[in-house]
Amino acid sequence: MDSQDSRFFKTTRLATLAVHAGQAPDPSTGAIMTPIFNSATFVQEAPGKHKGYDYSRSGNPTRTALEACLAALEGGRCGLAFSSGSGALATALHLLSPGDHVVCGDDVYGGTYRLLENVFRPSTGIDTAFVSLEKPESLAAALRPNTKMVWLETPTNPLLRVIDLAECVKVGQAARLPVWVDNTFATPILQRPLELGATAVVHSTTKYLNGHSDVVGGAIVVNDAELHAKLAYLQNAIGAVPGANDSWLVLRGIKTLELRVQRHCSNAAAVADFLASHRKVSRVLYPGRKDHPQHELARRQMRGFGGMVSFELRGGLEAAQRVVCATRLFALAESLGGVESLIESPALMTHASIPRELRLQRGLADGLVRLSVGIEDPADLVEDLDQALSLA
Ligand SMILES: *Cc1c(COP(=O)(O)O)cnc(C)c1O
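Only a predicted model underlies this, so the values are computations on that prediction, with no experimental measurement involved.

Visitor: Sorry if this is basic, but what is going on with the site of the ligand here?
Guide: Close contacts around the ligand come from 13 residues, with Ser86, Asp182, Ser204, Thr206 and Lys207 the closest. Between the ligand and Ser86, the relevant distance is 2.7 Å, taken from an oxygen atom to a side-chain nitrogen or oxygen of the residue. For the ligand, whose unbound accessible area comes to 380 Å², protein coverage reaches 91%.

Visitor: Please clarify how the sheet that holds strand S4 (residues 147-153) should be interpreted in this entry.
Guide: Each strand in a sheet pairs with another by means of backbone hydrogen bonds, the pair being arranged parallel or else antiparallel. Strand order in the open sheet formed by seven strands is S1-S7-S6-S5-S4-S2-S3, and the pairing between neighbours is mixed. Edge strands, defined here as strands with exactly one partner in the open sheet, are strand S1 (78-82) and strand S3 (127-131). The sheet shows a mean angle of 20 degrees between the axes of neighbouring strands, taken without regard to direction. For strand S2 (residues 101-105) and S3, the ladder comprises five bridges, and the chain directions are parallel. Its bridge partner being in S3, Val103 is matched across the sheet by Ala129. Sheet strands touched by helix H4 (residues 110-124): S2, S3 and S4. Its angle to S3, the strand with the most contacts, is close to 155 degrees.

Visitor: Mind showing me how you'd approach the packing of helix H3 (residues 85-93) against H4 here?
Guide: Each pair of packed helices can be described by the angle between their axes along with the distance between the axes. In contact at an axis separation of 10 Å, H3 and H4 are set at 45 degrees when each is read in the N-to-C sense. Overall, the two elements H3 and H4 adopt an arrangement that is oblique. The two elements H3 and H4 meet at a crossing, and its hand is right-handed. Judged by residue contacts, Ser86, Leu89, Ala90 and Leu93 of H3 engage Thr112, Leu115, Leu116 and Phe120 from H4. For the contact of H3 with H4, the residue count by class is six nonpolar, two polar and no charged.

Visitor: For this particular structure, what's the right way to read the sheet that holds strand S11 (residues 342-344)?
Guide: Spatially, the five strands line up as an open sheet ordered S8-S9-S12-S11-S10, and their pairing is mixed. Sheet topology places strand S8 (281-285) and strand S10 (331-332) at the edges, where each strand pairs with a single neighbour. Relative to S11, S10 runs parallel, the two being bridged by two bridges. What sits directly across from Leu332, in S11, is Ile343. Running over the sheet, helix H12 (residues 316-326) touches strand S9 (308-313), S10, S11 and strand S12 (368-372) and is turned about 130 degrees from S9.

Visitor: Which parts of the structure should I look at to understand the nonpolar core?
Guide: Soluble globular proteins tend to bury their nonpolar side chains together. Counting 36 residues, the largest nonpolar core has Leu66, Leu70, Leu73, Leu190, Ile254 and Leu257 as its most contacted members. Ranked by the residues each element gives to this core, the list is headed by helix H2 (residues 61-74), at seven residues. The two domains that each donate at least three residues to this core are domain 1 (14-254) and domain 2 (257-389). Beyond its immediate stretch of four places on either side in the chain, Leu66 contacts Ala81, Ser247, Val250, Leu251 and Ile254.

Visitor: What is the right way to read the side chain of Gln301 from this model?
Guide: Along the chain, Gln301 falls in helix H11 (residues 295-301). When its relative accessible area of 13% is taken as the criterion, Gln301 is described as buried. Here Gln301 is in contact with Thr154, Val162, Ile163, Asp164, Leu165, Ala166, Leu190 and Gln191, once residues within four sequence places are set aside.

Visitor: Even after reading the chapter, I still don't get H4, so can you show me in this structure?
Guide: Each α-helix winds once per 3.6 residues, and so residues spaced three or four apart point in a common direction. Under the 1.5 Å per step criterion, the end-to-end length of H4 is 20 Å for 15 residues, consistent within 8% with the ideal 21 Å. For H4, the set of buried residues is Gly111, Thr112, Leu115, Leu116, Glu117 and Phe120. For H4, the elements touching its buried residues are H3, S2, S3 and S4.

Visitor: Quick question: what am I supposed to make of the environment of Ser84 here?
Guide: Among the structural elements, Ser84 can be located in the loop between S1 and H3. A relative accessible area of 16% means that Ser84 is categorised as buried. Once the C-alpha coordinates of Ser84 and Ser204 are considered, the two residues, 120 residues apart in sequence, prove to be 6.3 Å apart. If sequence neighbours within four positions are ignored, Ser84 has contacts with Val216, Gly217 and Gly218.

Visitor: I'm lost on the domain arrangement of the protein chain in this one. Help?
Guide: Interfaces are often sized by the accessible area lost when the parts come together. According to the domain assignment, the protein chain consists of domain 1 (14-254) and domain 2 (257-389). Here domain 1 and domain 2 have C-alpha centroids that lie 26 Å from each other. The interface is formed by 35 residues belonging to domain 1 together with 37 residues belonging to domain 2. For the pair domain 1 and domain 2, the summed buried area comes to about 3000 Å², and 59% of that belongs to carbon and sulfur atoms. Its largest share of buried area at the contact with domain 2, domain 1 owes to Val162, Leu190 and Tyr208, together 25% of the area lost on that side.

Parameters at a glance
- Residues numbered from 1 in each chain as written.
- Predicted model: local features only at pLDDT ≥ 70, side-chain atom pairs only at ≥ 80, totals over all residues.
- Heavy atoms only, no water.
- Near = heavy atom within 4 Å.
- Polar contact = N/O pair within 3.5 Å; in protein donor to acceptor, adjacent residues only side chain to side chain.
- Areas by Shrake-Rupley, 256 points an atom, 1.4 Å probe, with all protein chains shown as cover.
- Pairing = 2+ DSSP bridges.
- Helix = DSSP H or I, 4+ residues; strand = E, 2+ residues; numbered from the N terminus.
- Axes fitted to C-alpha atoms, helices over the stretch in contact; angles between N-to-C directions.
- Contact = heavy atoms within 4.5 Å.
- Parallel < 35°, antiparallel > 145°, perpendicular 65-115°, else oblique.
- Left-handed = near helix turned anticlockwise from the far one by under 90°.
- Nonpolar A, V, L, I, M, F, W, Y, C, P; charged D, E, K, R; others polar.
- Core = buried A, V, L, I, M, F, W, Y, C linked by side-chain atoms within 4.5 Å.
- Buried < 20%, exposed > 50% of the residue type's maximum accessible area, 1.4 Å probe, protein only.
- Domains from an automatic or database assignment.
- Expected span 1.5 Å × (residues − 1).
- Buried area = accessible area lost by both parts, 1.4 Å probe.

Okay, structure coming up:
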């Protein structure tokens, strides 16, 4: 279902879609909020004759509202909600067959690497090449006759490199390959890959879309009806679906997405500027800063630079360990995209499973610290970092 409800005010503006898309007052009660349909099954008048729902794995009205909202935000025709971002990815990978080849960005989310390398490679023989996609030529060079999918993220994690979406899509289209974009970091507020010709957009809704660190969820949005039908079949067959309560929480979180992302961006810019002026910091990685290697690309491709900031400490791993333990407002935790600010050390936490040599080769210094900048008052965030850095 897209937003074809006749009462729906037609707009393409994201702040309005975030509040309303897929949602209309409940016809039976007038409730302005989408009801939470906690029902596993639905009665039928006669076998197969029902109001559009027969079993909640196949479809649930609260989930339908979320799926329509996600589709509208990404500018796609169809949305599918999942019980996690990883569930969305695992479902998408079932589009492939044994022996197929995937080209994947080399600094994608660690769980994406794990699923492709440690689960799908041994169980199905799907072969993945992890390639730095900063130069689209390297994407073209990695393609093989059996390549069936391109998978990328931008900005990347935790180095916040920016990948040229339009160029990668061009390479994919020339080879008639689907290009899948994990848009978790940017959100549709900052970039909409489907508009640039990407085949599918994937989200961990756990992060910015829900935005309150109280749900784990995922999503896929596509334009092609045939691909949607295949994915809906897999979604139902595999069953990594969100319950009505989680669907409702994500819907509610999304209502403030546009406002939150604006504040995440302005806070992150203030924090990045403060860090760049600090003598214990050797490098700040933020696409919004002029010293970022792909700043011009980020300006063209994104409507803002996001809430993630990484920086390197001159004092290496020990300094990083001290700083991440010393912040009082920034909580020491994995994950990102919530209203509260988080801090972590990739070498010790999110990226610790990558061997050190490989980490260093990929530019992940020991003294790297990653921030998910929340929506608190920026002065408090800077003050907190300032006192923690005094221990670096
Ligand atoms: C967290 C994350 C995922 C995985 O999502 P889960 O909801 O944790 O399963 C995938 N991609 C990116 C970029 C993420 O940050």
